[in-house]
Amino acid sequence: MATGVRVLLFGPLRDVAGWRERTIDPAPATLSALRRLLADLDQALGAALDGPGVKAAVDKAIAPGDPALRPGCEVAFLPPMSGG
Amino acid sequence: MATGVRVLLFGPLRDVAGWRERTIDPAPATLSALRRLLADLDQALGAALDGPGVKAAVDKAIAPGDPALRPGCEVAFLPPMSGG
Amino acid sequence: MIRLSDPPIDPGALLTGFLEGRRETGAVVSFTGLVRGDGGVEALELEAYPGFTEPAIEQIIRDAVERFGLDDCLAVHRVGRIAPGEPVVFVAAAARHRRAAFEGADYLMDYLKSRAPFWKKSHEAAGARWVEPTPGDQADLARWETMETR
Amino acid sequence: MIRLSDPPIDPGALLTGFLEGRRETGAVVSFTGLVRGDGGVEALELEAYPGFTEPAIEQIIRDAVERFGLDDCLAVHRVGRIAPGEPVVFVAAAARHRRAAFEGADYLMDYLKSRAPFWKKSHEAAGARWVEPTPGDQADLARWETMETR
């Protein structure tokens, strides 16, 4: 059984971090804890995640506020969309 | 060399006359002379040609007024269009 | 370019041809008009005046190209007897940007539907009748005559 | 219906499939968006979030179907690296009458262009840059938000 959180970066965030997908194991308890952990690993990414219009989705649904994270869940950081 | 006038009927005019294309030989001198001749041959057609919105084209160009007809020319009677 | 076609037309193949080899076009809008079979219509019979109908439509196309700054337009119109479900008309408009392509195709269709020299007979269970542009068609046309060019 | 496609898409074949077996549809409007090659663009790179992007577009389609009384809609969107001249997106809207089909396709494209979850990188001679919706895209969108439903 999965114990970590799958983290996905889209658009310019991918260029800042140098990766697109990563598992953080064990799962942080909340979205804000995950953000802190990512910022500790990579300060530039931490700043980019706090940038204007960046949204977070948990298990493919936009997550307002600071939701709890369950082991095995997927967190995506979505910068402003380009449109189709 | 052609000595007559080719007459074309479109849309409902064709149903009234029972024909689509006919040569009138020798060519009447003018469009109004052709109209009189057609009305003499078929009274119902004559009335339909005078109906609202019916235009005449001589050699594929809308002909206002009472143009002269040359032997070999083509006269088309165009009732109000249906559009495409 | 306008073409009248007695045999059935193939909108997919026409769109494929229209899209080929484009470098500056960003947007292509197509319209396909089909004979609806739900009003008891057994067939539409469309009559054109070859040599007269095409130049009239070419003029509509030139007007659209100029008004909306289109790259180019294609119109293919069926004539003869057309069964329900079959395409009657295919129109495509190409432009750099999508707004011009949409407006160009929309304009073309409005003018085709009420100004193009066709005579149309609707064969229905109750008999056959000649069709004229609807009040809706006239209203659609009026939009362009009052609207300013963008 | 929305489909994301990594391989190139074929608008002509998609239109052919969309037109098949229709009896009540009188009007089908399609839009094809192509990568323009005239601005020094070498390729577009489009990224979607599968499982998130499709539901967002399905919602746009449902809104369009309801707002304009459409029969149905199809959207196929390319992802990955796309060369100039290649189609990026194909959209089709079917309705009984042409006004609804035009407005439905137009609405769909406006929302797709500025609200659909894609991230787009333009690879140009001068380097690569991420693209955001243009002021023109935002203005196109605003039309629907102030316009009353007809």
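Residues numbered from 1 in each chain as written. Chains lettered and ligands numbered in written order. Predicted model: local features only at pLDDT ≥ 70, side-chain atom pairs only at ≥ 80, totals over all residues. Heavy atoms only, no water.

1. Digging into the side chain of T53 of chain C
Residue and element names in this part refer to chain C. Mapped onto the secondary structure, T53 falls in helix α2 (residues 53–68). Take T53: its relative accessible area is 0%, and that puts it in the buried class. For T53, the contacting residues outside a window of four places in its chain are L4, A48, P117 and F118. (Helix = DSSP H or I, 4+ residues; strand = E, 2+ residues; numbered from the N terminus. Buried < 20%, exposed > 50% of the residue type's maximum accessible area, 1.4 Å probe, protein only. Contact = heavy atoms within 4.5 Å.)

2. Looking at the pattern of salt bridges
On inspection of all chains with the given rule, the structure shows 46 salt bridges over all chains. Taking the shortest distance from any N to any O, the salt bridge between R98 of chain C and D137 of chain D comes out at 3.1 Å. Remark: D137 of chain D occurs in helix α4 (residues 135–146) and R98 of chain C occurs in helix α3 (residues 98–115); the pair is interchain, linking two chains. Note on accessibility: R98 of chain C and D137 of chain D belong to one class, buried. Linking R143 of chain D and D110 of chain D is a salt bridge whose minimum nitrogen-to-oxygen distance equals 2.7 Å. Remark: D110 of chain D occurs in helix α3 (residues 98–115) and R143 of chain D occurs in helix α4; sequence separation between them is 33 residues. Given the relative accessible area of 18%, R143 of chain D is considered buried. According to the relative accessible area criterion, D110 of chain D is buried, its value standing at 0%. A single salt-bridge network, built from bridges that share partners, covers R98, R99 and E103 of chain C together with D106, D110, D137, D140 and R143 of chain D. (Salt bridge = Lys/Arg side-chain N within 4 Å of Asp/Glu carboxyl O.)

3. Notes on the nonpolar core
A general trend in soluble globular proteins is that nonpolar side chains are found buried together. If you look at the biggest cluster of nonpolar residues, it comprises 76 residues, and the most contacted ones within it are F118 of chain C together with V91 and F118 of chain D. Residues L14 of chain C together with L34, A92 and A94 of chain D belong to the second largest nonpolar core, which totals 24 residues. (Core = buried A, V, L, I, M, F, W, Y, C linked by side-chain atoms within 4.5 Å.)

4. Digging into the packing of helix α1 (residues 11–19) of chain C against helix α1 (residues 11–19) of chain D
The packing of two helices is summarised by the inter-axis angle and the distance between the axes. Between α1 of chain C and α1 of chain D, whose axes approach to 7 Å, the crossing angle comes to 160°. Judged by the angle between their axes, α1 of chain C and α1 of chain D are roughly antiparallel. Crossing angle aside, the handedness with which α1 of chain C passes α1 of chain D is right-handed. Here α1 of chain C contributes P11, G12, L15, T16 and L19 of chain C to the contact with α1 of chain D, which in turn contributes P11, G12, A13, L15, T16 and L19 of chain D. For the contact of α1 of chain C with α1 of chain D, a count of residues per class yields seven nonpolar, four polar and no charged. (Axes fitted to C-alpha atoms, helices over the stretch in contact; angles between N-to-C directions. Parallel < 35°, antiparallel > 145°, perpendicular 65-115°, else oblique. Left-handed = near helix turned anticlockwise from the far one by under 90°. Nonpolar A, V, L, I, M, F, W, Y, C, P; charged D, E, K, R; others polar.)

5. Brief notes about the environment of A56 of chain C
Along the chain, A56 of chain C turns up in helix α2. C-alpha separation for the pair A56 of chain C and A116 of chain C, spaced 60 residues apart in sequence, amounts to 6.6 Å.

6. Quick word on the relation of the copies chain C and chain D
Relating one copy of the chain to the other takes a rotation about an axis and a shift parallel to that axis. Mapping chain C onto chain D calls for a rotation angle of 180° and an axial translation of 0.0 Å; the resulting RMSD is 0.0 Å. Given the turn and translation reported, the copies of this chain are related as if by a two-fold rotation axis. It is G12 of chain C whose C-alpha, among those of chain C, lies nearest the rotation axis, at 2.0 Å. Most of the interface of chain C is mirrored in chain D, where 100% of its interface residues again form contacts. (Least-squares fit on C-alpha atoms with pLDDT ≥ 70 in both.)

7. A word on the sheet that holds strand β4 (residues 72–78) of chain D
Strand-to-strand pairing in sheets goes through backbone hydrogen bonds, with the strands running parallel or antiparallel. With mixed pairing, the eight strands of this open sheet are ordered in space as β1(C)-β4(C)-β6(C)-β2(C)-β2(D)-β6(D)-β4(D)-β1(D). Each edge of the open sheet carries a strand with a single partner, namely β1 (2–5) of chain C together with β1 (2–5) of chain D. Direction aside, the axes of adjacent strands within the sheet are offset by 10° on average. For β4 of chain D and strand β6 (residues 87–95) of chain D, the ladder comprises six bridges, and the chain directions are antiparallel. Paired with H77 of chain D across the bridge in β6 of chain D is V89 of chain D. Across the sheet, α1 of chain C touches β1, β2 (27–34), β4 (72–78) and β6 (87–95) of chain C together with β2 (27–34) and β6 of chain D, and the angle it forms with β6 of chain C is around 20°. (Pairing = 2+ DSSP bridges.)

8. Details of the environment of R23 of chain C
Along the chain, the position of R23 of chain C falls in the loop between α1 and β2. For R23 of chain C, a relative accessible area of 47% corresponds to the partly exposed category. Apart from the residues within four sequence positions on either side, R23 of chain C is in contact with R36, G37, D38 and P84 of chain D.

9. A word on the pairing of strand β8 (residues 127–131) of chain C
Summarising the sheet, strand β7 (residues 118–124) of chain C and β8 of chain C pair through five bridges and their orientation is antiparallel. Bridge assignment links K121 of chain C to a residue of β8 of chain C, and that residue is W130 of chain C.

10. Structural notes on the interface of chain C and chain D
Between chain C and chain D, the contact holds 39 residues from the first and 40 residues from the second. The contact between chain C and chain D buries some 3400 Å² in all, and 48% of this surface belongs to carbon and sulfur atoms. The largest contributions to the chain C side of the interface with chain D come from R36, R98 and F102 of chain C, which together make up 21% of the buried area. Summed over the shared surface of chain C and chain D, the number is 12 salt bridges. Note that D106 of chain C is salt-bridged to R99 of chain D, the shortest N-O span being 2.3 Å. The tally of links from chain C across to chain D stands at 21 residue pairs in polar contact (both at pLDDT 80 or more). Taken together, the elements giving at least two residues each to the side of chain C that touches chain D come down to α1, β2, α3 and α4 (135–146) of chain C. Here the residues of the side of chain C that touches chain D sort into 13 nonpolar, 10 polar and 16 charged. Note: β2 of chain C against β2 of chain D, seven bridges, orientation antiparallel. Each residue of the ladder has a partner; that of S30 of chain C, found in β2 of chain D, is S30 of chain D. (Buried area = accessible area lost by both parts, 1.4 Å probe. Polar contact = N/O pair within 3.5 Å; in protein donor to acceptor, adjacent residues only side chain to side chain.)

11. Overview of the confidence of the model for chain A
Taken over all residues, the pLDDT of chain A has a mean of 94, while the share at 70 or more is 99%. The weakest mean pLDDT in chain A belongs to strand β4 (residues 61–62) of chain A at 94; the strongest belongs to strand β1 (residues 5–9) of chain A at 98. (pLDDT = per-residue confidence, 0-100.)

12. Quick look at the sheet that holds strand β3 (residues 41–48) of chain C
Residues and elements named next belong to chain C. Sheet architecture is open: four strands sit in the order β5-β3-β7-β8, paired in antiparallel fashion. Whereas interior strands pair on both sides, the edge strands pair on one side only; in this sheet they are β5 (80–82) and β8. Strand after strand, the sheet turns through a mean of 25° between neighbouring axes, direction not considered. Across three bridges, β3 lies against β5 in antiparallel orientation. Bridge pairing links E45 to R81 in β5.

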